[in-house]
Amino acid sequence: AQLFNLDVDFAPGAKGLKADIACIRHAGCGVINVRTSASTVTRTQARVRSAGSNNLLVYLLPRGGSHFENARGDSFSTAPRAIVVGSVDAAYSAHVAAGAEWRFQVLSLPEKTLALAAPLIRTGYQIAPSLAPVHPLLSTYLQDLFKNFATLDEASAGASLSALDHLLCVALGSKDPS
């Protein structure tokens, strides 16, 4: 299947396969909720070239686990409450961890919305270090943002995304998040 400019393999023939995907648009952003029992997603260089935007992506994985490999060949595994960042114009592949259900939420937003964090995110798909002192705050903030984003008025959405920009800078190691 092809979804969100990705190639998705829902593991045909897998017993008990479940997939639930929901997307809403608000304040120029997309909020995507995904729950699947078995899948692999891939964005190839060909898909990158056909990307219709340069949106940045911020993932929160409240449950389950996964394994990512970015275009540079770096790979990492995620655990519950992991935060992953990337962009629609970056190649990568990811799959659900063995025996785990994959549940994640993605915020897709224009690069200008995360002007401070964008240069850090543009280096390729990466996981925000879970040992960073700001990680628990960022994880909780994202959880609440995903839950409430669609109800925010334009000014509140803008202020919330500005705060996210600063938090991501700190989480990703910027020395100057101003």
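Residues numbered from 1 in each chain as written. Predicted model: local features only at pLDDT ≥ 70, side-chain atom pairs only at ≥ 80, totals over all residues. Heavy atoms only, no water.

Enquirer: What should I look at first to understand the packing of aromatic side chains in this one?
Expert: The relative placement of two aromatic rings is captured by the distance of their centres and the angle of their planes. Scanning the model with the defined rule gives 8 aromatic pairs in all. Their ring planes at 15 degrees and their centres at 5.8 Å tell us that Phe68 and Tyr92 sit as a pair that is stacked. Of this pair, Phe68 sits in strand 7 (residues 66-70) while Tyr92 sits in strand 10 (residues 92-96); the two residues are 24 residues apart in sequence, bridging distant segments of the chain. There is no split in this pair, since Phe68 and Tyr92 are both buried. Every member of this aromatic cluster is reached through a ring pair, and the members are Tyr59, Phe68, Phe76, Tyr92, Trp102, Phe104 and Tyr125. (Phe/Tyr/Trp six-rings, centres within 6.5 Å; stacked < 30°, edge-to-face > 60°. Helix = DSSP H or I, 4+ residues; strand = E, 2+ residues; numbered from the N terminus. Buried < 20%, exposed > 50% of the residue type's maximum accessible area, 1.4 Å probe, protein only.)

Enquirer: For this particular structure, what's the right way to read the nonpolar core?
Expert: With 29 residues, the main nonpolar core has Val58, Leu107, Leu114, Leu164 and Leu168 as its most contacted residues. When residues of this core are traced back to their parent elements, those giving at least two are strand 4 (29-36), strand 6 (56-63), strand 9 (82-87), strand 11 (102-109), helix 2 (118-121), helix 3 (135-148) and helix 4 (154-171). Among the elements that make up this core, the one with the highest residue count is helix 4 (7 residues). Setting aside its immediate chain neighbours within four residues, Leu107 contacts Cys29, Gly30, Val31, Leu56, Leu57, Val58, Leu145, Phe146, Leu161 and Leu164. (Core = buried A, V, L, I, M, F, W, Y, C linked by side-chain atoms within 4.5 Å. Contact = heavy atoms within 4.5 Å.)

Enquirer: Can you walk me through the pattern of salt bridges in this structure?
Expert: Pairs may arise between side chains of opposite charge once their charged atoms sit close together. Per the counting criterion, the structure on display carries 3 salt bridges. The residue Arg122 makes a salt bridge to Glu111 at a minimum N-O spacing of 3.1 Å. In this pair, Arg122 sits in the loop between helix 2 and strand 12 (126-127) while Glu111 sits in the loop between strand 11 and helix 2, placing the two residues 11 residues apart along the sequence. Looking at Arg122, the relative accessible area reads 31%, which means it is partly exposed. The exposure class of Glu111 is partly exposed, given its relative accessible area of 23%. (Salt bridge = Lys/Arg side-chain N within 4 Å of Asp/Glu carboxyl O.)

Enquirer: Got a minute to help me understand the pairing of strand 11 in this structure?
Expert: Look at any regular strand and the pattern is simple: side chains alternate between the two faces of the sheet. For strand 11, the tally of buried residues reaches 7 of 8 residues, placing the bulk of the element in the interior. In this sheet, strand 11 lies alongside strand 4 in antiparallel orientation, the contact comprising 7 bridges. The residue bridging Val31 from the neighbouring strand is Leu107, located in strand 11. Across 6 bridges, strand 6 lies against strand 11 in antiparallel orientation. Within the sheet, the bridge partner assigned to Arg63 lies in strand 11 and is Arg103. (Pairing = 2+ DSSP bridges.)

Enquirer: I keep staring at the sheet that holds strand 11 and nothing clicks. Help me out?
Expert: Two orientations exist for strands paired in a sheet by backbone hydrogen bonds: parallel and antiparallel. Within the open sheet, the 6 strands sit side by side as 3-4-11-6-9-12. Their pairing is antiparallel. Either end of the sheet is taken by a strand with one partner, and the two such strands are strand 3 (19-26) and strand 12. Here helix 3 sits on the sheet and contacts strand 4, strand 6, strand 9 and strand 11; the angle it forms with strand 6, its principal contact strand, is near 95 degrees. Helix 4 rests against strand 4, strand 6, strand 9 and strand 11 of the sheet, and its axis sits at about 110 degrees to strand 11. (Axes fitted to C-alpha atoms, helices over the stretch in contact; angles between N-to-C directions.)

Enquirer: Looking at this structure, how should I read helix 4?
Expert: Between its first and last C-alpha atoms helix 4 spans 26 Å; for 18 residues at 1.5 Å apiece the expected length is 26 Å, and the two agree. Here helix 4 has its buried residues at Ala157, Ser160, Leu161, Leu164, Asp165, Leu167, Leu168, Cys169 and Ala171. In this structure, the buried side of helix 4 is in contact with strand 4, strand 6, strand 9, strand 11, helix 2 and helix 3. The N-capping residue of helix 4, defined by a side-chain oxygen 3.1 Å from the backbone nitrogen of Ala155, is Asp153. Looking at the residues trailing helix 4, positive phi occurs at Gly173, about 100 degrees. (Expected span 1.5 Å × (residues − 1). Polar contact = N/O pair within 3.5 Å; in protein donor to acceptor, adjacent residues only side chain to side chain.)

Enquirer: Would you take a moment to explain unusual backbone geometry for this structure?
Expert: It is generally the case that most residues other than glycine have a negative phi and that most peptide bonds are trans. At Arg81, a residue that is not glycine, the phi angle is positive and equals roughly 75 degrees. The residue Arg81 is located in the loop between strand 8 (75-78) and strand 9 in this model.

Enquirer: Honestly, the side chain of Gln105 in this entry has me stumped. Any pointers?
Expert: Here Gln105 lies in strand 11. Looking at Gln105, its side chain comes within polar contact range of the side chain of Asn33, at 3.0 Å. Contact partners of Gln105, with chain neighbours within four places excluded, come to Ile32, Asn33, Val58, Tyr59, Leu60, Pro62 and Phe146.

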